[in-house]
Amino acid sequence: MSTLPTSTVGSFPKPDYLLRARAKASKAELSAESLRGLEEEATREWIAFQEEAGIEVLVDGEQYRGDMATYFAENLEGMEVSGLVRSYGNRYYKKPIVRGDLRRLGPISVDWFRFAQRLTDKPVKGMITGPYTMMDWSFDEHYGSREELAMAFAKLLHDEAGDLEAAGAKIIQIDEPALATRHDELPLVVKTVGVVSQGLRAKTILHTCYGNYDEIYGYFNRLPVDQLLLELSNSGLDLLERFRREPLKKEISFGVIDVHSHVVETPAVVRGRIEKALTVFHPQRLWISPDCGLKTRTVEEAQGKLRSMVAATRAVKESHGFR
Ligand SMILES: [Zn+2]
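What counts, and where the lines are drawn
Residues numbered from 1 in each chain as written. Predicted model: local features only at pLDDT ≥ 70, side-chain atom pairs only at ≥ 80, totals over all residues. Heavy atoms only, no water. Donors = N, O, S within 2.8 Å, 3.2 Å for Na, K, Ca; no water. Pairing = 2+ DSSP bridges. Helix = DSSP H or I, 4+ residues; strand = E, 2+ residues; numbered from the N terminus. Axes fitted to C-alpha atoms, helices over the stretch in contact; angles between N-to-C directions. Phe/Tyr/Trp six-rings, centres within 6.5 Å; stacked < 30°, edge-to-face > 60°. Buried < 20%, exposed > 50% of the residue type's maximum accessible area, 1.4 Å probe, protein only. Parallel < 35°, antiparallel > 145°, perpendicular 65-115°, else oblique. Left-handed = near helix turned anticlockwise from the far one by under 90°. Contact = heavy atoms within 4.5 Å. Nonpolar A, V, L, I, M, F, W, Y, C, P; charged D, E, K, R; others polar.

S.K.: What is the right way to look at the coordination of the zinc ion in this model?
M.R.: A metal bound by six donors in octahedral fashion has ideal angles of 90 or 180 degrees, whereas one bound by four tetrahedral donors has an ideal angle of 109.5 degrees. In the first shell of the zinc ion, the protein supplies His207 (NE2), Cys209 (SG) and Cys292 (SG), at 2.1 to 2.3 Å from the metal. Mapped onto the sequence, the donors of the zinc ion take the spacing H-x1-C-x82-C.

Right, dumping it as structure tokens:
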């Protein structure tokens, strides 16, 4: 891999034809088979876009997922997914409910990983929703202990990671957006992520977002993964000074694109963020990425932001003489 590899967090927006198809399928007006065909079509388009844009480490774009927790919940014995529940004002989501002992019926994410990896010679990341987030976002009617439930998820997600590795995944990302929810449970995050990553030969990446990183900073070096992928541009790169004072002992994927903003950053703006990152991190340990998944942006915004990210990275590499 070259210096400053470019990658993304995982989700891309769904094209209009797929959004319409999902709405039809939810009313039983479209077969599961037809929907799957369109999900494959959208995945092909996103793989082709990433290759054409010059991104180095690819993702499948999660065109087949609704929510990252329910996607795994729907494929586990012992879990059910509720009807729509209201949260945060007008946002509706389906809540995963734990009703019995959790068991994997088989690999969950491996089919889509294989499908995407067959379309490209570039590495595609295997993507797992982390054990702590699965626990925190589920309603538990069975285990009665947050720790026991998180450990149950961790064990089956370890098997999932092993299956991804066996299918050829060289990089496995564990998404833990809930990591900073309760500071007293950070040791549990460390423990359960360690169960997932134990013994893997693949490079492991942990992604988190939405947190007050300054308060949880002490745990970053304890997380048993090779790389952290962090949301940094939305907070104006505030954390850089902390990284300067207390060096990170692992690789970082540095978020240089604000996914919450409709504004497509210019390559010059992104280049400034990469240059700031280079004042703190060694280029061999620095990857370039958006802050988070891009699924809430339009297709045009997401593609514009990613093109700026690649153009900025190329300009930085050229000016520093990196290969
Ligand atoms: Zn995120």
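S.K.: Could you clarify how one ought to interpret the sheet that holds strand E3 (residues 126–129) in this entry?
M.R.: Sheet strands line up and pair through hydrogen bonds in the backbone, either parallel or antiparallel. The six strands lie next to each other as E3-E5-E6-E7-E8-E9, forming an open sheet whose pairing is parallel. Strands at the two margins of the open sheet, each flanked by one partner only, are E3 and strand E9 (286–289). Each adjacent strand pair in this sheet contributes to an overall mean axis angle of 20°, direction not counted. Here strand E7 (residues 227–230) pairs with strand E8 (residues 251–255) via four bridges, running parallel. Residue pairing across strands places Gln227 opposite Glu251, the latter belonging to E8.

S.K.: Got a minute to help me understand the packing of aromatic side chains in this structure?
M.R.: Each aromatic ring pair is specified by the distance between its two centres and by the angle formed by the two planes. If you walk through the whole model with that rule in mind, you get eleven aromatic pairs. Geometrically, the ring pair formed by Trp46 and Phe49 is edge-to-face, given 5.7 Å between the ring centres and 85° between the ring planes. Taken together, the residues span about one helical turn, with Trp46 and Phe49 both in helix H2 (residues 32–53) at a distance of three residues. For the residue pair Trp46 and Phe49, the accessibility class agrees, reading buried in each case. Note on Tyr217 and Phe243: the rings are 5.3 Å apart at their centroids and 65° apart in plane angle, and the pair reads as edge-to-face. Within this pair, whereas Tyr217 is found in the loop between helix H8 (213–216) and E7, its partner Phe243 is found in helix H9 (residues 240–245), the two being separated by 26 residues in sequence. Of the residues examined, Tyr217 reaches a relative accessible area of 3% and is grouped as buried. Look at Phe243 and you get buried, because its relative accessible area is 2%. Counting every residue linked through ring pairs, the aromatic cluster contains Tyr213, Tyr217, Phe220, Phe243, Phe254 and Phe281.

S.K.: I'm lost on the packing of H2 against helix H4 (residues 110–118) in this one. Help?
M.R.: The relative placement of two packed helices comes down to the angle between their axes together with the axis-to-axis distance. For the pair H2 and H4, interaxial distance at closest approach is 10 Å and the crossing angle is 45°. The orientation of H2 relative to H4 falls into the category oblique. The two elements H2 and H4 meet at a crossing, and its hand is right-handed. Residue-level contacts link Arg36, Glu39, Glu40, Thr43, Arg44 and Ile47 of H2 to Trp112, Phe115 and Ala116 of H4. Each residue belonging to the contact of H2 with H4 can be placed in one class, and the counts come to four nonpolar, one polar and four charged.

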